[in-house]
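Residue-level structure breakdown
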Amino acid sequence: MATRLRARLGTGYPSCWLQGWRLSPGLPGGRLAHAGAADRLQREYDAVVIGAGHNGLVAAAYLQRAGVRTAVLEKRHVLGGAAVTEEIVPGFKFSRASYLLSLLRPQIYTELELQRHGLRVLPRDPYSFTPLLEDRSPPRSLLLGHNMAQTQRQIAQFSQKDAQAYPEYEAFMGGLVSALDPLLDAPPVDTAALGQGSLLQRLRALQDLRPLLRAGLALGRQLPRYYEVLTAPISKILDQWFESEPLKATLATDAVIGAMASPHTPGSGYVLLHHVMGELEGRRGAWGYVAGGMGALSQAIACAAVAQGAHIFAEKAVCHILLGKDGRAQGIVLQDGTEVRSKMVLSNASPQITFLELISQEQLPKDFVQRIQQVDTRSPVTKINVAVDRLPSFLAAPNARDGQPLPHHQCSIHLNCEGTHLLHQAFTEATHGHPSSRPMIELCIPSALDPELAPGGCHVVSLFTQYTPSVLAGGQPWDEQARNAYADTVFDCIEAYAPGFKASVIGRDILTPPDLERIFGLPGGNIFHGGMSLDQLYFARPAPSYSGYRSPIPGLYLCGSGAHPGGGVMGAAGRNAAHVALKDFRCL
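Residues numbered from 1 in each chain as written. Predicted model: local features only at pLDDT ≥ 70, side-chain atom pairs only at ≥ 80, totals over all residues. Heavy atoms only, no water.

Focus: the overall build of the chain
Tallying secondary structure elements over the chain gives 19 helices and 22 strands in all. In terms of overall size, the chain behaves like a compact globule, its C-alpha atoms giving a radius of gyration of 23 Å where 588 residues would be expected to give roughly 25 Å. Seen through its C-alpha atoms, the chain measures out along the principal axes to roughly 75 × 60 × 50 Å. Looking at the chain as a whole, 59% of its 588 residues qualify as buried. Sequence-distant contacts, at least 24 apart, represent 71% of the contacts inside the chain between residues at least 6 apart. (Helix = DSSP H or I, 4+ residues; strand = E, 2+ residues; numbered from the N terminus. Rg over C-alpha atoms; globule rule 2.2 N^0.38 Å. Buried < 20%, exposed > 50% of the residue type's maximum accessible area, 1.4 Å probe, protein only. Contact = heavy atoms within 4.5 Å.)

As structure tokens, this is what we get:
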């Protein structure tokens, strides 16, 4: 059976988001229904958004909400970019790329009324489970949740001192997150504007400093300690707080996830902060599953945009951005030669695709082109989606007799995380062009909370693994043999923690860095559209002097993860870019 199913991998299920569809209020969940010829692609709009990733959809919703006639053009058959649900194995619905929700800005939930448009989030508590491989029966494990007393009892298995320190650590990190949070919802300060124009224009530009000043005031006397968190290796920070390796390794995963970095890499602390900045239903740092998979989030945002009057089209690949004689963006050209004119173009594509493929480089400043070419897009990630016929049963926490999910099954399950040295070892192998022999694995089972994702008794398993280099040693290709060899290594690791896992597998979908780039347009397979290192954030994202969503081409804006504040299913780049574009649009 598994062989037959494996032959069908990659055949994503039909989307309801196709050309000429609109919101039908009469359908349950606000699904999209066909609207007929009236909503076919028109030849002129006020704004065109390239790419229907979640940021592009958010931008379109805000533009259309402000009365700007907007069209979204997506090259794939399904909307959502990396936030999609696809039926790779018949009957199993996978969040094929991104798989958890937390970072989406709370303003977007409320302003776009996403709950009314069908979004339902399934919070997780407990949220983290780290089983150990050790010579004792049963092996120990570390279970973290929102009940602090229970979490402390779990940590105390390894260190009483760490159990006592953990609440203070959480409060310390929470203070830094609260201080930086306002910076996510505004463009970075335009330093050039501070020294240009009339006195009145300069004073207006000073207003943009308010979020930065508020952040500084909030940090207060703790600023030196927080500065260290942002710039130091996360291993150094965690060593200051804790002594037990399983706890430090579990926390360190958030500092390296999606990053070609080790816990010993300077600046890895910011990536950890980036992953604890979110909130879910008012709880800071909480993560959850989206009912129906991540594609249901994209559907809700699309419904919000369409309800306002936006036109959204799948299978419309943009091949070129039109420029007028004055150098201003004037629309786009599709692969079939169709021209769509517009006063503004917002690109949800990566900076590399936007500026190196969709525009002739002769139209751009040379130093800008060089900056975009130099963006670090290295990716350590291989995502493996697995259909199984039963829940994994871990040696550290065996399944119940009835086979029903236990609390730890809803968690992010961290494997090969007995110590930070294992994460560093896995990273080091990848820097030499070799996939990790003992990779860091984050295993999630969303069907533990959302059983409709899989047939009865079966489950969908998400394996977010690293480290795998984009380019293998010796220039070897990521061919079928290499992909399967690495997936087999991952499965062997899981088998050690949960015997019987390999026998439960019905089908699998292996997405190496080149696959993530080819399918989802992620440069180098990087889930953030570019590394989240300090030299590629805020003022420098995607390039110095162009961090405020405007580009060197008037009328062209960047609204994806390659813009501030970066990657993750956050929506901030789409919302912020829409507000900047609206401000300019009103001056046209």
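Having seen the model, we can carry on.
Observations concerning the pattern of salt bridges
Under the counting rule described, the total for this entry stands at 24 salt bridges. Of the charged contacts, one joins Arg 575 and Glu 111 as a salt bridge, the two residues approaching to 3.1 Å between their closest N and O atoms. Here Arg 575 is found in helix H19 (residues 572-585), whereas its partner Glu 111 is found in helix H3 (residues 106-111), with 464 residues between them in sequence. Measuring nitrogen to oxygen at the nearest pair gives 3.0 Å for the salt bridge that ties Asp 515 to Arg 518. (Salt bridge = Lys/Arg side-chain N within 4 Å of Asp/Glu carboxyl O.)

Considerations on the confidence of the model for the chain
Put simply, the chain has an average pLDDT of 90, and 91% of its residues get 70 or more. Contacts of residues 1-38 to residues separated by more than four positions or lying in other chains number 81 contacts, the stretch itself having pLDDT below 50. (pLDDT = per-residue confidence, 0-100.)

Some points on the side chain of Ser 95
In this structure, Ser 95 sits in strand S6 (residues 92-95). With residues near it in sequence (within four places) discarded, Ser 95 still touches Val 84, Gly 293, Met 294, Lys 383 and Asn 385.

Some details on the sheet that holds strand S9 (residues 141-144)
Strand order across the open sheet formed by seven strands is S9-S8-S18-S19-S20-S17-S21, with mixed pairing between neighbours. The open sheet terminates on both sides in strands that have one partner only, identified here as S9 and strand S21 (505-511). For this sheet the average axis-to-axis angle between neighbouring strands, irrespective of direction, equals 20°. The pairing of strand S8 (residues 128-131) with S9 spans four bridges and is classified as antiparallel. Across the sheet, residue Phe 129 finds its bridge partner in S9, namely Leu 143. Sheet strands touched by helix H18 (residues 513-520): strand S17 (381-388) and S21. Its angle to S21, the strand with the most contacts, is close to 80°. (Pairing = 2+ DSSP bridges. Axes fitted to C-alpha atoms, helices over the stretch in contact; angles between N-to-C directions.)

Side note on the environment of Arg 116
Of note, Arg 116 is situated in the loop between H3 and strand S7 (121-123). With 187 residues separating them along the chain, Arg 116 and Cys 303 place their C-alpha atoms 9.7 Å apart.

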